[in-house]
Amino acid sequence: MEQKNKEVTITVDGQQVKVPEGTTILNVARQLGIDIPTLCYHAEVSPFGACRLCSVEVTKHGRTKIVTSCNYPAEEGLVVVTNSDKVSKVRRGVLSLLMARCPKSVKLKNLGKLYGIDEHGLWESNPDEDCILCGLCVRVCKELVRVSAINFARRGVEREVTAPYHRFSDDCIGCGACALVCPTGSKKIRIHTYATVAPLKGVRDENFGVHIDVFSAKPENGTDNLINALLTSGFKNNLFDTAIFTKRGDGYSGEVKVAQNTGEIANEKETPLLRIKMISTLQEAIDQGKRKIAFIGLPCQVRAARKIQQTLQQEMPDLDITTIGLFCRNSFNPKKLREQIKSILNIDIDKAERTQICDNKFIVTVDSQDFSCDIDRLDSAIENGCSYCNDFVANFADVAIGTIGSGHSYYTVIVRTDKGAALLEKLQLTKTPVMKADIVKLSEFKKNRAKANIDPILREIHAQRSKEKKVN
Amino acid sequence: MVNAQLDKIIDKYVGKEGVLIQLLLDIQRELNWIPKEAVTRINERLGIPVSDIYRVASFYTALSLKPRGKYLVRVCAGTACYVRGGQRVLDAAEQAIGIKTGETSSDLKFSLETVNCLGCCALGPVVEINGKYFGTATPKQMKQIIERKRSA
């Protein structure tokens, strides 16, 4: 908009108001306490005008037309009517079509009742359809979470919302925001929530998740890298025949590695604090017939792996994924991190031997020398989506592993399932108690950060719900 | 190999906005389809979300997410062509190539599609093969054309 501060006078249902030019009619009406029904609208994302339910009548220069109020900007002299017979007729038409598309939607039925539609009288092409293609999930995923894991695909009667190739997305972090905002509670979208059933066991703890055991450990013989030791022992004991993990690539980058035997698990350098695309690799391995897979990933990737296993359970009862989750405060965007580290510490992160987060410091080791800065200063380099994730300790993994909460050369281990316990049983470990406070601190930090982002999304939904309750 | 080919095309669009459709058309022209590697590579090089690339590539019929044959046989199934026997021409094409509409032959020689209008209804039934139009097509002619292309 050209002049942001210019005020215009518009009339809504007979009430004259002054509003900043460009304010949407819907927002003006809401300020006046006038109710306009919406489905695809959410205050935190851009309006889309897809559901057409917020249609109102506007008169400009003596001409009257029906427009969607959610994306129609206020302009001088505009006269808006939100409750005329014509508006009701349009909304009835829109609702009838939506109800015919999604026959089972309770929300649409309730709205229909409000407009006096008992029977829409139209042909229902698919009794199980539950998506009205309003694109609210797509916008939340793109504009708020900023990972764009899902989108529209195809066109015409085939149009749908899906992840690319109808597969689990590499970009999805399983935050569930899409399902949260869905006006019809579509099942299709729930595939991306990853709030899945895992065979977790033991005590439930707010910060450690469900767990059987938690301790600090160091492998006794051979390697001092616990994850390598776990993989080696898992291969030896036939717990899996394929392992998928990330390793350091050239410079400060990471790549996915698929190992078929112990020989391929060389002592790799510390993996970088980046989210590497692993989910398509896991799916490819399954496509190639692999059934006993160890998957070492971040909390979001572990959620995805769980969902994949759950989805394929019927089809492949022998699919057995052992998930080892890594503690994660957040990943970083490699490009932004490179720039930030250059400008704050004046070093080239591509030359880093090791990067770690410790006591709220980001520590980079170059030529055996440590450089560090406050982690808060790298906030702008946080990878998209991470600030919507509340899972620090990989709540859905069989075993969660991290360095936080343990002393030098020790690892914090959280065992969550029998499978995890069996994997650890085979290993000789020196155990000590864990420093719980360190983990609680970071776990709470991550939860609060996610909450601060999810709350605005919830606020709008709660407002809608309480409005519906009043009406019904 | 393919990546080098892709990079050459993508290079032209680095640092520019709103180039996705043009870029995909270039890749389609070069490879005759949009393979998954291309989608991944565009995402890596230009930072466009994979879901956005998939949305565009699955929307336009000019772009194909499956390999397409050397000859793209498009039979018009629009109203005018249909009433003039377009369906019979389509059936003949299916039989002659040995695939169903929307499929590609395993030797990657033919792909068969229907279109809804080619803009020359007076010539119906119309068939278009790689930009060349065949008017008032008959099932017999259709078979002959396919045989000719097959041995070409």
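Residues numbered from 1 in each chain as written. Chains lettered and ligands numbered in written order. Predicted model: local features only at pLDDT ≥ 70, side-chain atom pairs only at ≥ 80, totals over all residues.

Our next topic: the overall build of chain A. Scanning chain A from terminus to terminus reveals twelve helices and 18 strands. Expressed along its principal axes, the backbone C-alpha trace of chain A runs to roughly 85 × 50 × 40 Å. Buried residues in chain A amount to 41% of all 472 residues. Counting only contacts in chain A whose residues sit at least 6 apart along the sequence, the fraction spanning at least 24 positions is 64%. (Helix = DSSP H or I, 4+ residues; strand = E, 2+ residues; numbered from the N terminus. Buried ≥ 20, exposed ≤ 12 C-beta atoms within 10 Å, placed from the backbone. Contact = placed C-beta atoms within 7 Å.)

Another aspect to go through is the overall build of chain B. Broken down by element type, chain B carries seven helices and four strands. The N-to-C order of helical and strand elements in chain B reads α-α-α-α-β-α-α-β-β-β-α. Across its three principal axes, chain B shows a C-alpha extent of roughly 50 × 30 × 20 Å. Going through the 152 residues of chain B one by one, you find that 30% of them count as buried. Long-range contacts, defined here as pairs at least 24 residues apart, represent 61% of the contacts in chain B between residues at least 6 apart.

Split into domains, chain B comes out as domain 1 (2–59) and domain 2 (71–151). Here the C-alpha centre of domain 2 of chain B lies 29 Å away from the C-alpha centre of domain 1 of chain B. (Domains from an automatic or database assignment.)

Residues and elements named next belong to chain A. The buried fraction of strand β11 (residues 292–297) is high, at five of six residues. Where strand β9 (residues 242–248) meets β11, three bridges bridge the pair, whose relative direction is parallel. Considered in β11, the bridge of Ile 244 is made with Phe 295. Sheet analysis places β11 next to strand β12 (residues 320–326), joined by six bridges and oriented parallel. Residue Ile 296 lies in a different strand from β12, and its bridge partner there is Ile 324. (Pairing = 2+ DSSP bridges.)

What follows deals with the domain arrangement of chain A. All names here are of chain A. Its domain assignment divides chain A into domain 1 (1–118), domain 2 (136–193) and domain 3 (213–331 + 382–452). Here the C-alpha centroids of domain 2 and domain 3 sit 26 Å apart. Contacts between domain 2 and domain 3 engage twelve residues on the former and 13 residues on the latter.

One key point about sheets: their strands pair by backbone hydrogen bonds, in either a parallel or an antiparallel sense. Residues and elements named next belong to chain A. Spatially, eight strands are ordered β10-β9-β11-β12-β16-β17-β8-β18 in an open sheet, and the strand pairing comes out mixed. For this open sheet the edge positions go to β10 (254–259) and β18 (429–432), each flanked by a neighbour on one side alone. Geometrically, the sheet is characterised by an average inter-axis angle of 30° between neighbouring strands, direction not taken into account. In this structure, strand β8 (residues 213–219) lies alongside strand β17 (residues 411–415), joined through five bridges in antiparallel fashion. Its bridge partner lying in β17, Asp 213 is registered against Val 415. Helix-sheet contacts for helix α9 (residues 299–312) involve β11 and β12, and the interaxial angle to β12 is about 165°. (Axes fitted to C-alpha atoms, helices over the stretch in contact; angles between N-to-C directions.)

Glancing now at the nonpolar core. Cys 137, Val 140, Cys 141, Ala 177, Cys 178 and Val 399 of chain A are the most contacted members of the largest nonpolar core, which totals 109 residues. Beyond its immediate chain neighbours, meaning those up to four positions away, Cys 137 of chain A contacts Ile 150, Val 161, Cys 178, Val 181, Cys 182 and Ile 189 of chain A. In this structure, Val 89, Ala 93, Phe 110 and Val 127 of chain B belong to the second largest nonpolar core, which totals 19 residues. (Core = buried A, V, L, I, M, F, W, Y, C linked by C-beta atoms within 7 Å.)

Right, let's get into the sheet that holds strand β2 (residues 15–20) of chain A. Residue and element names in this part refer to chain A. Judged by pairing direction, the sheet is mixed, and its five strands sit side by side in the order β2-β1-β5-β3-β4 without closing on themselves. With one partner strand each, in any of the chains shown, β2 and β4 (63–68) form the two edges of the open sheet. Put simply, the sheet's adjacent strands are angled 30° from each other on average, direction ignored. As judged from the six bridges shared by strand β1 (residues 7–12) and β2, these two strands associate in the antiparallel manner. Bridging from a neighbouring strand, Glu 7 pairs with Pro 20 of β2. Each of β3 (55–60), β4 and β5 (79–81) touches helix α2 (residues 85–101); the most contacted strand, β3, lies at about 140° to it.

Residue and element names in this part refer to chain A. The terminal C-alpha atoms of α9 lie 20 Å apart, and with 14 residues this matches the ideal 20 Å at 1.5 Å per residue to within 8%. In terms of burial, α9 is a largely internal element, eleven of the 14 residues being buried. Among all positions in α9, only Pro 299, Cys 300, Gln 301, Val 302, Arg 303, Ala 304, Ala 305, Arg 306, Lys 307, Ile 308 and Gln 309 are buried. Where α9 is buried, its residues touch α8 (279–287), β11 and β12. (Expected span 1.5 Å × (residues − 1).)

Moving on to the packing of α2 of chain A against helix α3 (residues 106–114) of chain A. Residues and elements named next belong to chain A. Where α2 contacts α3, the two axes come as close as 10 Å, and the packing angle between them is 150°. On the basis of the axis angle, α2 is roughly antiparallel to α3. Note that α2 runs across α3; the crossing there is left-handed. For the pair formed by α2 and α3, the contact residues are Leu 95, Leu 98 and Met 99 on the first element and Leu 108, Leu 111 and Gly 112 on the second. Looking at the contact of α2 with α3 residue by residue, the class counts come to five nonpolar, one polar and no charged. (Parallel < 35°, antiparallel > 145°, perpendicular 65-115°, else oblique. Left-handed = near helix turned anticlockwise from the far one by under 90°. Nonpolar A, V, L, I, M, F, W, Y, C, P; charged D, E, K, R; others polar.)

Moving on, we get to the packing of helix α6 (residues 86–97) of chain B against helix α7 (residues 139–151) of chain B. All names here are of chain B. Close contact between α6 and α7 brings their axes to 8 Å; oriented N to C, the two are set at 30°. As α6 packs across α7, the resulting crossing turns out to be right-handed. Contacts between α6 and α7 involve Arg 88, Val 89, Ala 92, Ala 93, Ala 96 and Ile 97 from the former and Pro 139, Met 142, Lys 143, Ile 146 and Glu 147 from the latter. Counted by class, the contact of α6 with α7 contains eight nonpolar, no polar and three charged residues.

Looking along the chain, the bond that leaves Gly 124 of chain B and enters Pro 125 of chain B is cis, with omega of -5°. By the element assignment, Pro 125 of chain B lies in the loop between β2 (110–115) and β3 (127–129). Even without glycine at this site, Asp 359 of chain A takes up a positive phi of about 50°. For Asp 367 of chain A, which is not glycine, the phi dihedral falls at a positive 50°. For Asp 367 of chain A, the position within the fold is in the loop between β14 (361–366) and β15 (369–374).

Residues and elements named next belong to chain A. Relative to the elements of secondary structure, Glu 76 occurs in the loop between β4 and β5. Along the sequence, Glu 76 and Ala 352 sit 276 residues apart, while their C-alpha atoms lie 59 Å from each other. With residues up to four places along the chain from it excluded, the contact list for Glu 76 reads Val 8 and Thr 9.

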